Amino acid sequence: MATSPTLGLKRDLGAWSATSIVVGTIIGSGIFLVPASMVQHVGTPEMVLLIWVFGGLLSLAGALSYAELAAALPEAGGEYVFLREAYGPLWGFLYGWTMTWVGKSGSIATLATGFVYYLANFMPALDRVVYSIDLPIGPHGGPLEISRGQFVATSLILLLGFVNYWGVKLGGRVQVAFTVSKVGLIVALIAAGLVAGGGSAENLRTSVAAAGGLAGFFAALVGALWAYDGWNNVSMVSAEIKQPQRNLPRALVGGTLIVIALYLLTNLAYFYVLPAAEVARSDRVAATMMQKVVGDFGSAAVSIAAMISMFGALNGTILAGARVPYAAARDRLFFRSLAFIHPRHRTPSMAILAISAWAALLVFSGRFEQLFTYVIFAEWLLYGLTAAGVVVLRHRRPDLVRPYRTPGYPAVPVLFVLVAACLLVATLLGSPRESLMGLGVIFAGLPCYFYWRRRASVIL
């Protein structure tokens, strides 16, 4: 099922669609969940806000670095292409392998399950277990339980998979609509906390007992970076963006700045209405804040806002994530059928269906969150290598046309790499088992790489 050599992806995504992919895939469930764990680690609202600023600036440094790479190499696959050009095909393949089997597919499964988690507030029957397999194959070695909500989550994944199958323009329009909706709802949430009344500046000076120190800082930073994760997704659809040399840098930098502002104002609203201790006790801090401000209606409104937020993030992750296995297959380093481009819709249709189907299976496995935890370490290793690729390619390929150059080079990409290295060391020391298993996920692809590499050389 090989695609025609003259058939390529179509540049149907404009500046608004590109920016909505950045904003829409970053803002998922994190802003509704992580402030509680962050204040538990660092103790005070001031430190939480400082970490949001630090994490935002770190993400911005990454976006500025990626902007140079994306403008110079506007091809499908994002980091797959950047790592391939900077370090060779092996590192590109390992990125594609990790994202396909765990990174993007696990993120899709997590977002779909999170959507159903909030939907169950209105439809409690979704939590009901309809079938149980009495074998130790479920989470934590228990039986595998199948609930009604899992069928809804998989149906949602497949629905959005087919939306993106029918054309990148349609997927982009869905992304813009839900990104605008979620931003509007978050602005309303901020206004309710800061303007509607019921808050006090005294709450910003409260505190809770916390470990603090460097360990607490990095533990809280992991939560913030999880909430900021996704700024890099737009580079994966570089081959389908109009005027990529101009629109990619604008989307990466502008979208990241929008999210930084929204996250800071949202957290300011949380801590203005709620003291630190109440934030630390709440696993749904936005709902707790809105219930205090406007009553039960506010809690229901937050559930709807979270569902819209995760729906948009889910669509953007499917749209962008499918381009990674497509790019690897195009280079004959993955299943060749995934390089197929639909002759009418001009989408990597088989890659979209494949990653959607695999993510749906992960929902039923109940193990996607565990796999996703393992790969966080691996992802940041690859992010750091990609940012370092700006420096590497400046030396290896000085002749490469660079329509956009990273401001503050080389300090900006080097800062990103150094902080990423510190984060990796802190994660390795704090969670050695998960970190090593994450590396195991990456390097489990080595036999497949050498098989596909040898097969490609025989064909050529």
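Parameters and conventions
- Residues numbered from 1 in each chain as written.
- Predicted model: local features only at pLDDT ≥ 70, side-chain atom pairs only at ≥ 80, totals over all residues.
- Heavy atoms only, no water.
- Patch = residues over 30% accessible without salt bridge, like charges linked within 9 Å, V, L, I, M, F, W, Y side chains within 5 Å.
- Areas by Shrake-Rupley, 256 points an atom, 1.4 Å probe, with all protein chains shown as cover.
- Salt bridge = Lys/Arg side-chain N within 4 Å of Asp/Glu carboxyl O.
- Lys, Arg positive; Asp, Glu negative; His and termini not counted.
- Charge placed at Lys NZ, Arg CZ, Asp CG, Glu CD.
- Helix = DSSP H or I, 4+ residues; strand = E, 2+ residues; numbered from the N terminus.
- Phe/Tyr/Trp six-rings, centres within 6.5 Å; stacked < 30°, edge-to-face > 60°.
- Buried < 20%, exposed > 50% of the residue type's maximum accessible area, 1.4 Å probe, protein only.
- Lys NZ or Arg CZ within 6 Å of the ring centre and 35° of its normal.
- Contact = heavy atoms within 4.5 Å.
- Core = buried A, V, L, I, M, F, W, Y, C linked by side-chain atoms within 4.5 Å.
- pLDDT = per-residue confidence, 0-100.

**Comments concerning a positive patch on the surface**
- On the surface, a cluster of positive charge is made up of Lys10, Lys169, Arg173 and Lys242.
- Considering the arrangement of structural elements, one finds lysine 169 in helix H7 (residues 168-194).

**Overview of the packing of aromatic side chains**
- Summed over the entire model, instances satisfying the criterion amount to 28 aromatic pairs.
- On the numbers, 6.1 Å between centres and 50° between planes, the contact of tryptophan 231 with tyrosine 383 is tilted. Of this pair, tryptophan 231 sits in the loop between helix H8 (213-228) and helix H9 (244-273) while tyrosine 383 sits in helix H15 (residues 368-396); the two residues are 152 residues apart in sequence, bridging distant segments of the chain.
- Accessibility expressed as a relative area gives 1% for tryptophan 231, which makes it buried.
- For tyrosine 383, a relative accessible area of 1% gives the class buried.
- Ring centres of tryptophan 231 and phenylalanine 416 lie 6.1 Å apart, and the angle between their planes is 90°; this geometry places the pair in the edge-to-face category. Here the residue tryptophan 231 occupies a position in the loop between H8 and H9, and phenylalanine 416 occupies one in helix H16 (residues 411-430), the gap between them amounting to 185 residues.
- Taken together, the aromatic side chains of Phe93, Trp97, Trp101, Phe334, Phe335, Trp358, Tyr449, Phe450, Tyr451 and Trp452 make up a single cluster linked through ring pairs.
- Just above the ring of tyrosine 118 sits the side chain of arginine 284; from NZ or CZ to the centre is 5.5 Å.
- A cation sits over an aromatic face here: arginine 394 above tyrosine 409, 3.8 Å from the ring centre.

**A few points about the environment of alanine 67**
- By secondary structure assignment, the location of alanine 67 is in helix H3 (residues 45-72).
- Once residues lying within four places of it in the same chain are set aside, the contact partners of alanine 67 are Pro249, Leu252 and Tyr404.

**Here's the deal with the environment of alanine 125**
- Tracing the chain through its elements places alanine 125 in the loop between helix H5 (89-119) and strand S1 (129-133).
- A C-alpha to C-alpha distance of 39 Å links alanine 125 and glycine 56, two positions 69 residues apart in sequence.

**Points about the nonpolar core**
- Judged by nonpolar contacts, the single largest core of 146 residues is most densely connected at Trp52, Val234, Tyr263, Leu314 and Trp380.
- Apart from residues no more than four positions distant in its own chain, valine 234 is found in contact with Ala18, Ile21, Val22, Ile241, Leu248 and Leu252.

**Structural notes on the confidence of the model for the protein**
- Here the protein averages 89 in pLDDT, and 94% of its residues register 70 or above.
- Of the regions scoring below 50 in pLDDT, residues 1-5 engages in 7 contacts with residues more than four places distant in sequence or in other chains.

**Re unusual backbone geometry**
- With omega at 0°, the peptide bond leading from tyrosine 409 into proline 410 counts as cis.
- Not every positive phi belongs to a glycine, and glutamine 243 is a case in point at roughly 45°.
- Among the secondary structure elements, glutamine 243 is positioned in the loop between H8 and H9.
- Here glutamine 243 falls in the partly exposed class, since its relative accessible area comes to 49%.
- Positive phi is not limited to glycine here, since arginine 346 has a value of about 60°.
- In this fold, arginine 346 is placed in the loop between helix H13 (323-330) and helix H14 (349-365).

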